[in-house]
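One-letter residues, chain by chain:
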Amino acid sequence: MNYKRIIHLLILFFTVLLSSWLVPAFVKKLTYKSQNFPLVYYSSILKELCLIDFRQDKDYFHDIKGNAYQRAKYDSLLPLMNYRQLAMNGDLPDSIDGYAIDVKTLRSKQIMFRFRPTDIFSPQPCMGVLLESMPKRGILTLPGDYFRMDNNQITFIDAGSNKINEAKSSLFTKEMKKKGVKFPIKHYWGNPTTRKAYDEGYFFTDSKGDFYHLKMINDRPFVKNTMLDSDIKIRWFSMSEVMDKRFYGYIFGENGEFGILESTEEGKYKFKKIDVRNIDVSKDEITILGNMLYWTVKISDSKSMDAYGIDAMSLSAISDYHINKEDIFWDKLSKWIFPFIISPTSPDNGFINLYIESFSAKAFWINVLLALFFYIAFYRKKNIETKKKIFMLIFISVTGIIGIFSLMFVPKNQIL
Amino acid sequence: MKTKRCIAIVLLVSVLISVYSYINLRYEIRINDAVNIWYAVIFQGKSLTPLMMYLLPLFAIMVSIVQFIPEMTDKRLKLTLHLPAKEIDIMLSMLLYGYTTLLILYATTYFLIFFLMLSLFSLDIVIGCMAQISVWMIAGFISYGLTAWIVLEPKWKYRIFNICIALTMISVLYINTLPLGYSYFKSGLMITTVVSFFFPVYSCIRFKDGI
């Protein structure tokens, strides 16, 4: 094969690659209808998970057993979710399940957490910022320097002068090594914002896999081994400084465990598992809506959703619900007309790469029919070499509509 | 020789923009404090040289246009292709000139920005910035080859199709503007750059064949 044909094939190949991204994206834009899972919330009155989707059903919401409830009762049946509205109307109950409730307590116990795979699989910040955990004026401010974890020390760099703060770096490194930290640090996690009530610094895993807590108190280092390595191997940690200071954040284990890192009264750390199914951090999205009595944990991926009503104290599941995503028109259509859909982006990954969004064997049947049609209509009688006819048959059988679309863009050559 | 003026202008503009980016960042640091600018860069995806995002491929397109349009309008390419040499050799030598020119231009800009930014930010931040600029420079190399491919295409119908394909290809390099967003696509970028080098050869073949 001479270089002319090779270059022609290269152009054709790249056009097919780009078309297998663009053409399905365009057809999806024409046909796709939003297909979100309903809002799920555990009702402290009904003692059951409720499914709320007023776009589909304006006048009612349901529990997972199928019972319907009028929209007018939405606030009163979900008081811990709608406490603000109830308080405004003067309808907030004094107690639920024997627990006295007031707006201040409810606000302090509210939890909202969202995790997506892109939290892990996307470019991470190249440096961290260690805030002062006990600020003199009671408000969190940026300290003026940023740190990075080097091979054998933590290095603080002053932003104003762009110079290493040797004294601070040495002080913190010495304290870390004194507490048994083995460099290099594998990973560190924090919540680098001043828009929170308080700061708990960072957590990190050292080269041994031990999980440590690091913060700055009155400009001095606080380093403590959480001693969790016997309980769980940590895959990821999401820092979350909740209002009631009950826990530090959410732990994702190597084997799919998911739970919180609690602080104990003795100042120690404890991993408390949330009673849900195993998590696959590369696919699962997690949403937690929590209140003083119950948490609603929703775990979803591209195919289904699992929702759990969780007791807020014990974190054990008291209700669960599973629903599969229904195929909508776009799903059915794409399976028949696009044998493969390629995209440079993925909903579960923040990096650019070549992702195969879908692959469908069904579409190959349509492709074969298309190839035969084109052969009969255009190539059978023409004076074209047999090997070129075979190439076109195979090309259209493999690529289908995308291949035909691409051929329109590429000038005819001896191949056609 | 026809590209001499264009290259000089492009070099001057890229140096001026690099210096302007530095001056602008120094201004922002004076007004907003260095700690806040570092925060925006590290945690909020602020770019250190946003002007380079489209200027770098634009420079490449300009060099390609200035190099190849006269070949078509003044019918010089027709004469060149009558020389006793394969069209692929002729095209590759013309393209190599363009790519080498761009390489020198980009290398100058790269190192200038690197050292200017290093005076204001830590190496970690500057590495992220340079990774971001590298993607835009690769977009420039690809743009150069694809522009030549479009200009040398003899038929207007396929010129328009080539523009569509080229725009789609280059748009892939602008989906993610975060530093290191293309870390897992390095081989894809390299392959696309190499392949775009050969696309203009095809247009030249079609031109020579008189299609």
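Quick caveat: nothing in here was measured; it's all calculated off a predicted structure.

Conventions adopted
Residues numbered from 1 in each chain as written. Chains lettered and ligands numbered in written order. Predicted model: local features only at pLDDT ≥ 70, side-chain atom pairs only at ≥ 80, totals over all residues. Heavy atoms only, no water. Helix = DSSP H or I, 4+ residues; strand = E, 2+ residues; numbered from the N terminus. Rg over C-alpha atoms; globule rule 2.2 N^0.38 Å. Buried < 20%, exposed > 50% of the residue type's maximum accessible area, 1.4 Å probe, protein only. Areas by Shrake-Rupley, 256 points an atom, 1.4 Å probe, with all protein chains shown as cover. Patch = residues over 30% accessible without salt bridge, like charges linked within 9 Å, V, L, I, M, F, W, Y side chains within 5 Å. Salt bridge = Lys/Arg side-chain N within 4 Å of Asp/Glu carboxyl O. Expected span 1.5 Å × (residues − 1). Contact = heavy atoms within 4.5 Å. Pairing = 2+ DSSP bridges. Axes fitted to C-alpha atoms, helices over the stretch in contact; angles between N-to-C directions. pLDDT = per-residue confidence, 0-100. Phe/Tyr/Trp six-rings, centres within 6.5 Å; stacked < 30°, edge-to-face > 60°. Lys NZ or Arg CZ within 6 Å of the ring centre and 35° of its normal.

**As for the overall build of chain A**
And step 1. When helices and strands are counted, chain A shows 9 helices and 24 strands.
And step 2. Taken over the C-alpha trace, chain A has a radius of gyration of 29 Å; the compact-globule value for 416 residues is 22 Å, which it surpasses by more than 25%.
And step 3. When its C-alpha atoms are laid out on the principal axes, chain A stretches across 85 × 65 × 40 Å.
And step 4. Relative to its full complement of 416 residues, chain A shows a buried share of 48%.
And step 5. If you sum the accessible surface of chain A, you get close to 21,400 Å²; carbon and sulfur atoms cover 54% of it.

**Focus on a nonpolar patch on the surface**
All names here are of chain A.
And step 1. Taken together, the side chains of Val368, Leu369, Leu372 and Ile376 make up a nonpolar region of the molecular surface, amounting to roughly 360 Å² of accessible area.
And step 2. Considering the arrangement of structural elements, one finds Leu372 in helix H7 (residues 362–379).
And step 3. Among the residues examined, Leu372 registers a relative accessible area of 42% and is labelled partly exposed.

**Here we look at helix H7 (residues 156–171) of chain B**
And step 1. The first and last C-alpha atoms of H7(B) sit 22 Å apart over 16 residues, in line with the 22 Å expected at 1.5 Å per residue.
And step 2. All buried positions along H7(B) are accounted for by B:Tyr158, B:Arg159, B:Phe161, B:Asn162, B:Ile165, B:Ala166, B:Thr168, B:Met169 and B:Ile170.
And step 3. Where the residues of H7(B) are buried, they touch helix H1 (3–31) and helix H9 (401–409) of chain A together with helix H3 (52–73), helix H6 (123–152) and helix H8 (186–209) of chain B.

**Topic: the sheet that holds strand E18 (residues 269–273) of chain A**
All names here are of chain A.
And step 1. Ordered by their spatial adjacency, 4 strands build an open sheet running E15-E16-E17-E18, and the pairing between neighbours is antiparallel. Edge positions in the sheet fall to strand E15 (234–239) and E18, since each has one partner strand and no second. Shown here is a sheet whose adjacent strand axes are inclined to one another by a mean of 30 degrees, direction ignored.
And step 2. Sheet topology note: the E15/strand E16 (residues 247–253) ladder contains 5 bridges and is antiparallel. Bridged to Met239 within E16 is Gly249.

**A word on the confidence of the model for chain B**
Residues and elements named next belong to chain B.
And step 1. The share of residues in chain B with pLDDT of 70 or more is 99%, and the mean pLDDT across the chain is 91.
And step 2. Per-element confidence in chain B is highest for helix H2 (residues 34–44), whose mean pLDDT is 96, and lowest for helix H4 (residues 76–80), whose mean pLDDT is 72.
And step 3. Interface confidence in the predicted complex, given as ipTM, is 0.89; pTM for the same model is 0.90.

**A closer look at the environment of A:Leu80**
Residue and element names in this part refer to chain A.
And step 1. Tracing the chain through its elements places Leu80 in the loop between helix H2 (74–77) and helix H3 (83–89).
And step 2. Since its relative accessible area comes to 2%, Leu80 is described here as buried.
And step 3. For the pair Leu80 and Met292, spaced 212 residues apart in sequence, the C-alpha to C-alpha distance is 8.1 Å.
And step 4. The residues contacting Leu80, other than those within four sequence positions of it, are Tyr41, Ser44, Ile96, Leu106, Gln110, Asn291 and Leu293.

**Quick word on the packing of aromatic side chains**
And step 1. As enumerated under the stated definition, the model contains 48 aromatic pairs over all chains in all.
And step 2. Aromatic pair B:Tyr99 and B:Phe197: ring centres 5.0 Å apart, planes at 50 degrees, arrangement tilted. Of this pair, B:Tyr99 sits in helix H5 (residues 87–118) while B:Phe197 sits in helix H8, placing them 98 residues apart in sequence. Judged on exposure class, the residue B:Tyr99 and its partner B:Phe197 are both buried.
And step 3. Linked through ring pairs, A:Phe113, A:Phe115, A:Phe247, A:Tyr250, A:Phe252, A:Phe258 and A:Trp295 together constitute an aromatic cluster.
And step 4. Directly above the aromatic system of A:Phe54 lies the positively charged group of A:Arg71, at a separation of 3.9 Å from the ring centroid.

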